[in-house]
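Inside the fold
Here is what each chain is made of, one letter per residue.
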Amino acid sequence: MRLRMGMIGGGPGAFIGPIHRIAAELDREIELVAGVFSSDPGRSRAAATDYRIDPERAYPDLATMFAAEAARADGIDFVSIVSPNHHHLPAARAALAAGVAVMSDKPMTASLAEARELADLVARAGRPYALTYTYSGYPLVREARARVAAGAIGTVRKVVVEYPQGWLAGPAEGKQAEWRVDPARSGAGGCIGDIGVHAFQLAEFVTGLRVTRLLADLAAVVPGRALDDDCSILLRFDNGARGVLLASQIEVGELNGLRIRVYGDKGGLVWRQETPNALTLHQIDGRTEIVRAGDTSLGSDARARSRTPGGHPEGYLEAFANLYRDFAAQLRGEAAPLLPDAAEGLRGMAFIDTAVTASRDEAGWVDLTI
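These numbers come from a predicted model, not from an experiment.

Quick look at the overall build of the protein
Secondary structure assignment for the protein yields eleven helices and 14 strands. In terms of overall size, the protein behaves like a compact globule, its C-alpha atoms giving a radius of gyration of 20 Å where 370 residues would be expected to give roughly 21 Å. Projected onto the principal axes, the alpha-carbon positions of the protein cover approximately 65 × 50 × 40 Å. Looking at the 370 residues of the protein, the share that counts as buried comes to 55%. Restricting to contacts in the protein with at least 6 residues of sequence separation, those with at least 24 account for 68%. Element-wise, carbon and sulfur atoms account for 52% of the exposed surface of the protein, whose accessible area totals about 15100 Å².

Focus on the pairing of strand β10 (residues 259-264)
The two faces of β10 differ: Ile-260, Val-262 and Gly-264 on one face are buried, but Arg-259, Arg-261 and Tyr-263 on the other face are not. Relative to β10, strand β6 (residues 156-164) runs antiparallel, the two being bridged by six bridges. Among the inter-strand pairings, Lys-158 is bridged to a residue of β10, identified as Tyr-263. As paired elements, β10 and strand β11 (residues 267-272) share five bridges and run antiparallel to each other. Bridge pairing in β11 places Val-262 opposite Leu-269. In textbook terms, the turn of a hairpin is the stretch between consecutive antiparallel strands, and for β10 and β11 this stretch comprises two residues.

Digging into the packing of helix α5 (residues 112-125) against helix α11 (residues 342-361)
The interhelical angle for the contact between α5 and α11, taken along N-to-C directions, is 170°, at an axis separation of 9 Å. What the angle tells us is that α5 and α11 run roughly antiparallel. Judged by residue contacts, Leu-112, Ala-115, Arg-116, Ala-119 and Val-122 of α5 engage Ala-342, Leu-346, Met-349, Ala-350 and Asp-353 from α11. When its residues are assigned to classes, the contact of α5 with α11 shows eight nonpolar, no polar and two charged.

Notes on the packing of aromatic side chains
Throughout the structure, instances matching the rule amount to nine aromatic pairs. Here Tyr-135 and Tyr-163 contribute two aromatic rings whose centre-to-centre distance is 5.9 Å and whose plane-to-plane angle is 85°, an arrangement assigned as edge-to-face. Of this pair, Tyr-135 sits in the loop between β5 (129-131) and α6 (139-149) while Tyr-163 sits in strand β6, and the two are 28 residues apart along the sequence. On the numbers, 5.1 Å between centres and 55° between planes, the contact of Tyr-138 with Trp-271 is tilted. One end of the pair, Tyr-138, is in the loop between β5 and α6; the other, Trp-271, is in strand β11, with 133 residues separating them in the sequence. Residue classification places Trp-271 among the buried residues on the basis of a relative accessible area of 1%. Members of the aromatic cluster, each reached through a chain of ring pairs, are Tyr-135, Tyr-138, Tyr-163, Trp-271, Tyr-316 and Phe-320. Just above the ring of Phe-205 sits the side chain of Arg-145; from NZ or CZ to the centre is 4.7 Å.

Looking at unusual backbone geometry
Cis geometry is adopted by the peptide bond preceding Pro-107, which originates at Lys-106 and carries an omega value of -10°. Inspection of the secondary structure puts Pro-107 in the loop between β4 (101-104) and α5. Although it is not a glycine, Arg-28 sits at a positive phi angle of roughly 60°. For Arg-28, the position within the fold is in the loop between α1 (16-25) and β2 (30-36).

What about α11?
With 20 residues, α11 should cover 28 Å at 1.5 Å per step; its first-to-last C-alpha distance of 28 Å lies within 8% of that length. The buried fraction of α11 amounts to 14 of the 20 residues, a majority that puts the element mostly inside the structure. Of the residues flanking the start of α11, the one acting as N-cap is Asp-341, its side-chain oxygen 3.2 Å from the backbone nitrogen of Ala-343.

Some thoughts on the sheet that holds strand β3 (residues 78-81)
Spatial ordering of the open sheet is given by β2-β1-β3-β4-β5, a layout of five strands whose pairing is parallel. A strand with exactly one partner marks an edge of an open sheet, and here the two such strands are β2 and β5. The average angle at which neighbouring strand axes cross in this sheet is 25°, direction not considered. Taken together, the six bridges between strand β1 (residues 3-8) and β2 define a ladder with parallel strand orientation. The partner of Arg-4 across the bridge, within β2, is Glu-31.

Considerations on the nonpolar core
Formed by 84 residues in total, the largest nonpolar core has its most connected members in Val-79, Val-206, Ile-233 and Trp-271. At ten residues, helix α8 (residues 191-207) tops the list of elements feeding residues into this core. Residues Ala-23, Ala-47, Ala-130 and Phe-327 belong to the second largest nonpolar core, which totals 28 residues.

Brief notes about the environment of Ile-81
Inspection of the secondary structure assignment puts Ile-81 in strand β3. On the accessibility criterion, Ile-81 (0% relative accessible area) is buried. Taking the C-alpha atoms as reference points, Ile-81 and Gly-6, 75 residues apart in sequence, are found 8.7 Å from one another. Every residue in contact with Ile-81, bar those within four places of it in the chain, is listed here: Ile-8, His-88, Ala-91, Ala-92, Val-102, Met-103, Ser-104 and Asp-105.

Cut-offs used in this document
Residues numbered from 1 in each chain as written. Predicted model: local features only at pLDDT ≥ 70, side-chain atom pairs only at ≥ 80, totals over all residues. Heavy atoms only, no water. Helix = DSSP H or I, 4+ residues; strand = E, 2+ residues; numbered from the N terminus. Rg over C-alpha atoms; globule rule 2.2 N^0.38 Å. Buried < 20%, exposed > 50% of the residue type's maximum accessible area, 1.4 Å probe, protein only. Contact = heavy atoms within 4.5 Å. Areas by Shrake-Rupley, 256 points an atom, 1.4 Å probe, with all protein chains shown as cover. Pairing = 2+ DSSP bridges. Axes fitted to C-alpha atoms, helices over the stretch in contact; angles between N-to-C directions. Parallel < 35°, antiparallel > 145°, perpendicular 65-115°, else oblique. Nonpolar A, V, L, I, M, F, W, Y, C, P; charged D, E, K, R; others polar. Phe/Tyr/Trp six-rings, centres within 6.5 Å; stacked < 30°, edge-to-face > 60°. Lys NZ or Arg CZ within 6 Å of the ring centre and 35° of its normal. Expected span 1.5 Å × (residues − 1). Polar contact = N/O pair within 3.5 Å; in protein donor to acceptor, adjacent residues only side chain to side chain. Core = buried A, V, L, I, M, F, W, Y, C linked by side-chain atoms within 4.5 Å.

In structure tokens:
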């Protein structure tokens, strides 16, 4: 039986809501059946037509949805939160109070204090909670993680993760971005909370290491902008490795150029989001190997997260779908050890908060504490 999903956010004109819906339904394990798609009841109801669901299950507010769905024999099994950051805590709180599991877009909340509160709510509720750190769903990202863990590049010495975009080099108006540059809706972080936290999570996910200290330089480059749109951060990891994290949304001409490079004492690896079906491995003796999606050499997790033979590209939607597949497994009582959880979300919020504060105060090197 397919799991039944409710959506919070993702109303008419939204970008990320349809992405979540397509990804969730890709493997036919989940079906979108209900939602509060907008704070405007009329727009929420209008979204039912776009999503092709029963208009009676497009609700005006959270309380109405959870009460009505609880009374149905075919009520929702979980919600997907795809609204702006300041909605994440109240939406998750309402869902968990209703006994409903939560899949949330990142970052976890709008502030570290909210994230701590939510992590406590998740622990007490005992219901599954996960975050869509999309890039950890790519098969070759999981292969990179497995190879680092197996010692393929030796002891990690250096990590470089970059996430350049250019779409906010000018005004944000009319680009589905107004809320991203508004502290009241986004939180204290702009670029750092939108894409920098993705880069942070990817660095820790691939290496299996934890950032312990950082030195941050964040800037609002576009005149009049209240939140950062360009970030340069030095990192230190718990094994002594050094790292660099660069995230920017004002680099004209860049699209979605997320890239991670990890160097050890025996080799290195490179993965790029814009060419996600290739993983480059360098050996200290000068050899270079390119591992491709679908290769027979892939480990079990990467193979299990690939849907097509080699040469048939898979990308963003399939990576998103892998997270939903893992979440469906968790809801059915199966293990999903690589699914980003509340603890990972809390680390991400601590990273955002620490970087913003340290940069503002010109504090130099500071500890990353949760």
